[in-house]
Structure formats: structure tokens, C-alpha cells
Amino acid sequence: MTLDEKTQPATLDPVRAQAFLADFATMSAFGATIHGGVDRQAASPADIEQRRWLQGLLEQHGLRVQYDRIGNQFGLLELNPGAPYVVVGSHMDSQPTAGRYDGAYGVLAAAHAIFRIADELRETGEQPALNLAVVNWFNEEGSRFVPSMMGSSVYTGLMPLEEALAVEDPAGISVREALEPTGFLGEGDGPVAACCAEIHIEQGRLLEDAGTTIGLVTASWAASKYVVTVEGEQSHSGATVMADRRDALLGASQLVVFARELADRFPGVLHTAVGKLDVYPNSPVVVASRVRLLLDLRCADEAVLAEANALLQAELPRIEERVNVALSVEKSHEWGINPYQPEGVELARSVAARLGYAHDEIKTVAGHDSINMKERVPTVMLFVPSVQGVSHNEGEYTEDRDALAGLDVLTGVVRRLASGELRA
Ligand SMILES: [Zn+2]
């Protein structure tokens with residue numbers, strides 16, 4: 001692996017850049033799939049193996065590794081005894097057949113940022129106002145154990161611990177049962193945070209399209225999430241007269257299509273999808289009697305989201321009538337446009353500007369652990385470009401140059417956060 005002038009940010013030491021890229025290549029081998037992605041669902045063998053590797057890396061650099069009661073993994077660097085921590089990181093679990101960068105990039109960037117700052121402080125003998133912690137949040141993806149962002153939700157008190165530990169995967173294994181044998185179920189609540197930073201790939205293509213290297217995340221999109229059950233009647237898929245059918249899958253399909261049409265009415269502002277569909281009995285030669293689906297609406301504008309929700313409600317009785325099924329709709333989650341602390345955005349802006357990287361404000365459409373953290377402490381969220389916006393896909397890719405630029409800016413942000421510039 002060689003770095004030329006094009007890939008090497010001017011302000012990052014080439015030895016540090018090489019070390020980061022080498023570690024990233026090593027970690028991408030955990031749960032690697034044949035198409036260049038990863039499969040590391042929470043507490044799976046690949047996730048466990050990778051956590052052990054991260055523990056080794058953190059300890060090698062003098063950090064003390066600690067786990068809290070929901071299995072969040074922390075690497076602590078105590079520089080100012082008794083002071084709270086700058087908590088920096090993301091998640092290393094993945095969706096099934098996912099990409100190498102989502103979450104994992106942010107954890108490794110946090111680790112390398114803190115390694116560099118630790119070396120600098122050792123040289124100067126300075127003592128920062130705050131201590132430093134790398135975090136690998138447990139189960140951010142929520143694919144094996146629902147809901148997503150579980151570790152950071154428990155850490156921030158937004159989800160009760162016992163409720164999270166009792167969540168079962170589709171095989172009936174609970175979070176507690178999955179974590180207990182790994183040694184990752186710790187005793188305490190983890191380090192006390194004074195502030196937080198996270199870097200993540202954009203998972204969209206606004207930065208790439210604009211030729212911008214660093215996204216300064218100002219807010220998260222609003223969202224409404226629904227659990228929909230479509231009730232029909234089981235019957236023979238060949239013999240039943242068409243007019244007599246009450247096909248739950250047909251009703252669900254109409255809702256899937258309607259969700260897309262809804263998004264098309266508000267281009268660029270509203271994203272909608274059905275990501276999960278459970279069909280019963282899901283058998284050949286049987287008309288489905290019941291379908292349960294998860295429908296998400298995500299929106300950059302709260303007024304548009306309210307209008308979209310109203311249009312959705314109005315469509316439900318039409319689908320029921322057309323297809324002769326019954327729909328029950330339950331809103332499972334809802335949140336508004338949620339801003340990050342503007343002081344954090346300004347801090348990140350000044351770091352990116354001083355280092356000379358093209359930067360701009362951006363909103364996050366996807367959920368991130370930092371969205372939980374910003375409810376409790378000042379939090380800075382950064383993005384680097386995703387090539388063609390590809391994410392939750394084995395083809396997910398970020399150029400080395402951009403990954404290193406992100407590491408450089410994150411390091412600058414954490415250095416300033418450590419000085420106590422922005423704290424709860
Ligand atoms: Zn992620």
C-alpha cells in the first residue's frame with residue numbers, strides 16, 4: 001500500500017495514515033463476505049472476534065478496556081483523574097451482507113485520533129481538561145436485535161437496561177444470553193461523558209456530488225415509523241375464485257407501492273420504504289392470510305411529514321376496500337427534526353477550515369448513536385463521502401483520501417473537545 005500526494009492529506013503524517021489503512025484492512029476481514037462486504041450482526045461470532053481484536057489494539061496503545069452493562073465497549077485514556085470523558089466512536093456491528101465502512105470506520109477513526117492525541121500529550125506533557133474514550137456501541141444496526149441504536153439508547157437512559165437485555169433475536173436468543181458467554185457484559189454504566197464526537201460515512205451522495213470532503217452534520221431528519229398488519233384470509237392460490245380472495249400480500253404490496261408514490265410527491269424531502277415483510281404462511285399454493293410489515297417515512301421538513309402521514313392515513317381505507325383486507329397500523333417510533341448543538345457545528349467548521357478541507361453543512365437521514373448522545377451532552381457529528389451513496393450494501397466504499405481526511409478532522413475536533421471547550 002503506497003500513498004501518493006493525491007491520497008495523503010497534507011496535515012496527516014504518512015506513517016499514521018498507513019497505520020490507519022492497515023488496521024482498517026485487518027478489521028474488514030472480520031465477517032468478510034465473498035463480494036467484498038461484511039456480515040457482523042450484533043454478538044455474532046464475527047462481531048465478537050472483531051471486538052476482541054479491537055480490545056487488543058486499544059490495550060496496545062495504553063487504553064484501558066471496559067464494558068458496560070449492555071455490552072458497549074470503551075477504551076479509556078485517563079489523563080486527568082476524576083474528570084469526565086470525551087466519548088468518541090461509532091459501532092462495529094453490521095447489517096447482514098453489508099459494507100465495510102458503516103460504523104466500523106468511525107470506531108477505528110476514533111481510536112487512531114485518540115492514539116495521536118495521546119502521543120502529542122506525552123510529548124508536550126500537557127494535561128487536558130477531559131479524559132478520552134473510544135466507544136464501540138453495541139447493536140447499532142438492530143438487524144438481529146430490534147431496535148437499532150440499542151447500546152447508546154441504554155447508555156443515555158433512553159431505553160431501560162432490562163428491556164434491552166430481554167430482546168430476543170428470531171431464534172429466541174436474548175441479548176443477555178448472546179452477550180453473557182462473551183465476557184462483554186460489564187458491571188457499570190461506562191465512563192461519564194462530558195461531550196461526544198462521531199464520524200460516519202454519509203450513506204448518501206450529497207458530499208460526492210458537491211465535491212465536498214467533510215460534512216458538518218447540523219440535524220437529523222424527522223421520521224415516522226409504523227408497524228402494519230394486513231389481515232386477509234388463507235385460501236388455495238389456484239382454486240379460489242379471484243373475486244372471493246382476501247389476499248393479505250396483495251394489500252401489503254399496494255401499501256409498498258403507495259409508500260413509493262408518496263415519496264415521489266415530495267422529491268428530495270421525503271424518503272419512504274418498507275424494509276421488512278413477514279408473510280404468513282408464506283407457502284406455495286397458499287394465498288397469504290397475514291402480512292406484517294415495517295414502514296418508514298423520513299423527512300427533512302416536519303410540515304411535509306405531517307402531510308405525508310395524513311395522505312397515508314387516507315389511503316388505508318382505500319386499500320382495505322380494493323383488496324378486501326383489514327389493515328391495522330401502529331406508529332412505533334416518531335421524532336422531529338433534531339438539531340446538533342450549533343457550537344459543535346462551528347467547532348467542526350473551524351477545524352475543517354484550518355486544515356484546508358472542503359466542508360459544508362449536511363443533515364443526516366440515517367439514525368446514528370450520536371443522535372442519542374446529543375440528547376445528553378454536546379455532540380459533534382461528521383460525515384465523509386460514500387462513493388455513489390452506496391450503503392447497507394457490500395459495495396459500500398469511501399476513498400482512502402476521504403477516510404484519512406475525516407480522521408484528520410476528527411482528531412482536530414477531539415483535541416479541542418479534550419480542552420473542555422464544549423462540555424455538559
Ligand atoms: Zn452506521
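Chains are numbered independently. Their residues run from 1 in the order of the written sequence. The predicted nature of this model means local features are confined to residues of pLDDT at least 70 and side-chain atom pairs, given and counted, to a pLDDT of 80 or more, with totals for whole chains, interfaces and linings taken over all residues. To get the side-chain values, all heavy atoms of the structure are used, and hydrogens and water are removed first.

Would you explain the sheet that holds strand β7 (residues 222-231) in this entry?
What holds strands together in a sheet is hydrogen bonding between their backbones, with the strands either parallel or antiparallel. We treat two strands as partners when DSSP finds at least two bridges between them. A run of H or I in DSSP counts as a helix once it spans at least four residues, and a run of E counts as a strand once it spans at least two, with each numbered from the N terminus. In spatial order, the strands read β9-β11-β7-β12; together these 4 strands make up an open sheet with antiparallel pairing. Each edge of the open sheet carries a strand with a single partner, namely β9 (270-280) and β12 (326-335). Shown here is a sheet whose adjacent strand axes are inclined to one another by a mean of 15 degrees, direction ignored. Judged from the 10 bridges that link them, β7 and strand β11 (residues 290-299) form a sheet pairing that is antiparallel. Pairing of V230 across the sheet is with V291, part of β11. Across the sheet, helix α8 (residues 248-265) lies against β7, β9 and β11, angled at about 170 degrees from β9, the strand it touches most. Here, two residues are considered to be in contact whenever any of their heavy atoms come within 4.5 Å of each other. Axis lines are fitted through C-alpha atoms, for helices just across the contact stretch, and the angle between N-to-C directions can take any value from 0 to 180 degrees. Sheet strands in contact with helix α9 (residues 302-323) are β7, β9, β11 and β12, and its direction is about 5 degrees off that of β7.

Where do I start with the pattern of salt bridges in this structure?
Once the charged atoms of two side chains with opposite charge are near each other, the side chains can pair. Whenever Lys or Arg places a side-chain nitrogen within 4 Å of a carboxyl oxygen from Asp or Glu, that contact is recorded as a salt bridge. Evaluation of the coordinates by the stated rule reveals 23 salt bridges. Note that D119 is salt-bridged to R16, the shortest N-O span being 3.0 Å. Placement of D119 in helix α3 (residues 104-124) and of R16 in helix α1 (residues 14-27) is noted, with a sequence separation of 103 residues between them. For the salt bridge of K374 with E375, the shortest nitrogen-to-oxygen distance reads 3.7 Å. Three or more residues joined by partner-sharing salt bridges are found here, namely R116, E120, D408 and R415.

Sorry, what's going on with the nonpolar core here?
Here is a general trend for soluble globular proteins: nonpolar side chains tend to be buried in one another's company. Side-chain atoms within 4.5 Å are what join buried Ala, Val, Leu, Ile, Met, Phe, Trp, Tyr and Cys residues into a set we call a nonpolar core. Accessible area is worked out with a 1.4 Å probe on protein chains only. A residue is then buried under 20% of its type maximum, exposed over 50%, and partly exposed in between. Core analysis: the biggest nonpolar cluster contains 80 residues, and Y105, L382 and V413 have the highest contact counts within it. A per-element tally of this core places α3 first, with 13 residues. Not counting residues up to four positions away in its chain, the partners in contact with V413 are A197, L347, A348, V351, V380 and L382. The next biggest cluster of nonpolar side chains, apart from the first, holds 28 residues, and it includes A248, L270, A288 and V325.

How should I be thinking about α3 in this particular structure?
Helical geometry note: an α-helix holds 3.6 residues per turn, so side chains three or four residues apart project in the same direction. An ideal rise of 1.5 Å per residue puts 30 Å on 21 residues; α3 measures up with 31 Å between its terminal C-alpha atoms. Summarising burial for α3: 16 of the 21 residues are buried, a large majority. Remark: G125 follows α3 within two positions and exhibits a positive phi of approximately 75 degrees. Each residue after the first adds 1.5 Å to the expected span of a helix.

Looking at this structure, I do not really get the packing of helix α10 (residues 342-355) against helix α12 (residues 400-418). What am I missing?
Packed helix pairs are characterised by how far apart their axes lie and by the angle those axes make with each other. Interhelical geometry of α10 versus α12 gives an angle of 130 degrees and a closest axis separation of 9 Å. On the basis of their axis angle, the class for α10 and α12 is oblique. Relative to α12, α10 is oriented so that their crossing is right-handed. Between α10, through L347, A348, S350, V351, A352 and L355, and α12, the contact on the second element is made entirely by D408, V409, G412, V413, R416 and L417. Side-chain classes follow a simple rule in which Ala, Val, Leu, Ile, Met, Phe, Trp, Tyr, Cys and Pro form the nonpolar group, Asp, Glu, Lys and Arg form the charged group, and the remainder, Gly included, forms the polar group. Partitioned by chemical class, the residues of the contact of α10 with α12 number 8 nonpolar, 2 polar and 2 charged. When describing relative orientation, an angle under 35 degrees is termed roughly parallel and one over 145 degrees roughly antiparallel, while 65 to 115 degrees is termed roughly perpendicular and anything else oblique. Should the near helix be turned counterclockwise from the far one by less than a right angle, the crossing is left-handed, whereas a clockwise turn marks it as right-handed.

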